[in-house]
Amino acid sequence: CLEGHFRLTSGLHGTRYIDKRKLPPKLLEEVASYLARFSYDSVQVVVAPAEGAIPLGRAVARHLGETLGREIQFCPVLKTANGFYLPEESQSWNAATRVLLVEDVITTGLTLQKVLSVVRGTNAFVVGVCSLWNRGTISKEDLGVPWLLSLVNLALPSYEPGPVTCPGCRAGMLLDPNLGHARV
């Protein structure tokens with residue numbers, strides 16, 4: 001966990017940042033294996049939102065497939081300026097399709113809500129959500145899913161931008177241009 005002044009995906013500011021890009025490949029595989037062990041055997045598809053969660057989601061799908069002895073489809077949830085969308089292969093999903101959503105870091109749950117809406121729009125059933133880190137104390141009830149598993153559940157404060165609410169802004173710190181979403 002790095003310290004500084006960061007703009008998070010949600011648009012909020014934070015003084016601590018989880019740089020999952022620094023996760024060594026071996027550790028990413030261990031995290032994915034752990035998350036896969038706690039997933040239901042009914043999972044057919046693993047989805048993960050672009051771009052940060054895609055490596056973790058792909059690895060969870062692979063480990064889940066190895067655990068269950070069958071192929072688990074991985075489907076990235078892509079993002080444009082207009083929102084999230086699923087690739088064409090999702091058009092064959094129906095109410096019998098069981099989907100696991102994988103996220104890297106949860107802050108406000110807004111990205112997950114948007115992705116859940118897109119997945120539910122296919123009539124697929126979301127069996128649960130797993131993540132590397134839940135920094136926003138988001139619950140399964142907040143998301144409307146049967147279960148939520150995060151490897152780390154540790155609240156890290158996030159702030160509305162501006163000197164009144166954000167300690168980094170108040171101290172005159174520039175947003176870190178290399179981490180977070182300061183380049184927006």
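What comes next is a walk through the structure. (Residues numbered from 1 in each chain as written. Predicted model: local features only at pLDDT ≥ 70, side-chain atom pairs only at ≥ 80, totals over all residues. Heavy atoms only, no water.)

With respect to helix α1 (residues 25–37)
Three or four residues apart is the spacing at which side chains of an α-helix point the same way, because the helix has 3.6 residues per turn.
Working step 1: In a regular helix each residue adds 1.5 Å, so 13 residues correspond to 18 Å; α1 covers 18 Å between its end C-alpha atoms and thus fits that length.
Working step 2: Here the buried face of α1 lies against α2 (54–68), β7 (125–134) and β8 (148–153). (Helix = DSSP H or I, 4+ residues; strand = E, 2+ residues; numbered from the N terminus. Expected span 1.5 Å × (residues − 1). Contact = heavy atoms within 4.5 Å.)

Quick look at the layout of surface pockets
Working step 1: Its volume calculated, the largest pocket comes out at about 1100 Å³.
Working step 2: Surrounding the largest pocket, 45 residues form its lining, T9, K20, G52, D104 and H181 being those nearest its centre.
Working step 3: Those elements giving two or more residues to the lining of the largest pocket turn out to be α1, α2, β4 (73–80), β5 (83–85), β6 (98–106) and α3 (110–120).
Working step 4: Split into classes, the residues belonging to the lining of the largest pocket amount to 21 nonpolar, 13 polar and eleven charged.
Working step 5: Each pocket or cavity is described by its volume, and for the second largest pocket that value is around 180 Å³.
Working step 6: In terms of lining residues, the second largest pocket is bounded by C1, L2, Y17, I18, D19, K20, K22, L23, L132, W133 and V152. (1 Å grid on protein atoms, 1.4 Å probe; cavity = no way out; pocket = protein on both sides within 12 Å on 5 of 7 lines; lining within 4 Å. Points joined across faces, edges and corners; volume = space filled by probe spheres on them. Nonpolar A, V, L, I, M, F, W, Y, C, P; charged D, E, K, R; others polar.)

Section: the pairing of β4
Working step 1: Bridge count for strand β3 (residues 45–49) against β4 is five bridges, and the pairing is parallel. Bridge assignment links V46 to a residue of β4, and that residue is F74.
Working step 2: With α2 bridging β3 and its parallel neighbour β4, the resulting β-α-β unit is right-handed.
Working step 3: Note: β4 against β5, three bridges, orientation antiparallel. Directly across from T80, in β5, lies its bridge partner G83.
Working step 4: Linking β4 back to β5 in an antiparallel pair, the connection comprises two residues. (Pairing = 2+ DSSP bridges. Right-handed = clockwise from strand over helix to strand, strands pointing away.)

A word on the nonpolar core
Soluble globular proteins tend to pack their nonpolar side chains together in the buried interior.
Working step 1: Among the nonpolar cores identified, the biggest contains 28 residues, and V46, L56, V60, L100 and V102 are the most heavily contacted of them.
Working step 2: Going through the elements one at a time, α1, β3, α2, β6 and β7 are the ones with two or more residues in this core.
Working step 3: Sort the elements by how many residues they give to this core and α2 lands first, with six residues.
Working step 4: Apart from the residues lying within four places of it in its own chain, the contact partners of V60 are A32, L35, A36, L100 and V102.
Working step 5: V47, C75, L116 and L143 belong to the second largest nonpolar core, which has 20 residues in total. (Core = buried A, V, L, I, M, F, W, Y, C linked by side-chain atoms within 4.5 Å. Buried < 20%, exposed > 50% of the residue type's maximum accessible area, 1.4 Å probe, protein only.)

Quick look at the sheet that holds β5
Working step 1: Sheet architecture is open: six strands sit in the order β5-β4-β3-β6-β7-β8, paired in mixed fashion. This sheet does not close on itself; its edge strands, each paired only once, are β5 and β8. For this sheet, the mean angle separating the axes of adjacent strands, direction not counted, is 20 degrees.
Working step 2: With three bridges connecting them, β3 and β6 associate as parallel partners. Its bridge partner being in β6, V47 is matched across the sheet by L101. (Axes fitted to C-alpha atoms, helices over the stretch in contact; angles between N-to-C directions.)

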